[in-house]
Amino acid sequence: MAARPTPLDRENSWQVIEQQRRGIADLLADLSPREWEHPSLCAGWRVRDVAAHLAMTPSPPPGGIMITTGLRARGDYNRFVDLLARRYSEQPVDQLVSSLRDHAATRRIPRLTNYRNVLMDTMVHGQDIAIPLGRTLAVPPEAAAAATAHAATLGRPVFDRHRLRGIRLRATDIDWCHGAGLEVRGPIAALLLLVTGRTARLHDLAGEGLAPLTERLVIT
């Protein structure tokens, strides 16, 4: 029988974020030079770029770099994030690992975001690194449920707000569901990846809503 997830408050969220950062740092520390250059699940980013993005969150660049990068991005949020990550990724890989580990417990976040975004971002990007490398990085089901519920509410510039219209998500490993309509069911970690635009765990999902939702994600 599926277990009912415990509501995740701010304190519990930060604890999970810290645990995920430490787990990601341990995984990264074991990579070969070739694996650092391997494509991640995050479109256009290598493992190295994802690691840089994660390391940069609790330790953002100076304001001058942020302003300059913002001007280069010309108001495009996704390009802004991409430019920052690629710049940060030029650091030695051991420095990226140590930065992520040293700041694992840091609760400092960039402006215009919040801990819910950081929780979602950290767990999803951890999978972006682990899955294509054939590694395993566990995520707590209750935290994955909280992140999936949050991701489902996000619109532009991150996601298409209407992508889940007419879709009911149902986890099979915990007592969690979201929305109404054609069902997509499976482990909550696989649902989290799907809701955030990743198709790497489609084989773990089922339901009559899977095909139309996947098509929307590919199109958008």
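Here the structure is shown first, and the text comes after it.
Trainee: Is there a simple way to think about the environment of Leu-54 in this case?
Mentor: The residue Leu-54 is located in helix H3 (residues 47–56) in this model. Remark: the alpha-carbon pair of Leu-54 and Ser-89, spanning 35 residues in sequence, is separated by 10 Å. Residue contacts for Leu-54: discarding those within four places in its chain leaves Ile-24, Leu-100, Asp-121, Thr-122, His-125, Gly-126 and Ile-129.

Trainee: Looking at this structure, I do not really get the pairing of strand S1 (residues 167–171). What am I missing?
Mentor: Burial along S1 is one-sided: Ile-167, Leu-169 and Ala-171 are buried, and none of Arg-168 and Arg-170, which face the opposite way, are. Looking at chain direction, S1 and strand S3 (residues 182–186) are connected through five bridges and run parallel. When the sheet's bridge partners are listed, Leu-169 is paired in S3 with Val-184. Pairing of S1 with strand S2 (residues 177–179) involves three bridges; the strand directions are antiparallel. Within S2, the position partnered with Leu-169 by the bridge is His-178. Hairpin remark: S1 followed by S2, antiparallel, with five residues in the connecting loop.

Trainee: What should I look at first to understand the sheet that holds S1 in this one?
Mentor: The strands making up a sheet associate through backbone hydrogen bonding, with each pair oriented either parallel or antiparallel. Taken together, three strands build an open sheet; the order of strands is S2-S1-S3 and the sheet is mixed. Whereas interior strands pair on both sides, the edge strands pair on one side only; in this sheet they are S2 and S3. Each strand axis lies, on average, 15° off the axis of its neighbour in the sheet, ignoring direction. Packed onto the sheet, helix H9 (residues 188–195) meets S1 and S3 and runs at close to 150° relative to S1.

Analysis parameters
By convention here, each chain's residues receive numbers from 1 onward along its written sequence. Residue-level local features of this predicted model are given only where pLDDT is at least 70; pairs of side-chain atoms are given and counted only at 80 or more, and the full residue set underlies all totals for whole chains, interfaces and linings. By convention in this description, side-chain values take in all heavy atoms of the structure and omit both hydrogens and water. Segments assigned H or I by DSSP are reported as helices when at least four residues long, segments assigned E as strands when at least two residues long, and all are numbered from the N terminus. Whether two residues are in contact is decided by their heavy atoms: any pair within 4.5 Å suffices. Exposure categories follow from relative accessible area, calculated using a 1.4 Å probe and restricted to protein chains: below 20% of the type maximum is buried, above 50% is exposed, and the middle band is partly exposed. Pairing between two strands is assigned when DSSP locates at least 2 bridges connecting them. Only C-alpha atoms enter the line fits that serve as axes; for helices the fit covers just the stretch in contact. Angles between N-to-C directions range over 0 to 180 degrees.

Purely geometric stuff here, so don't read any function into it on its own.
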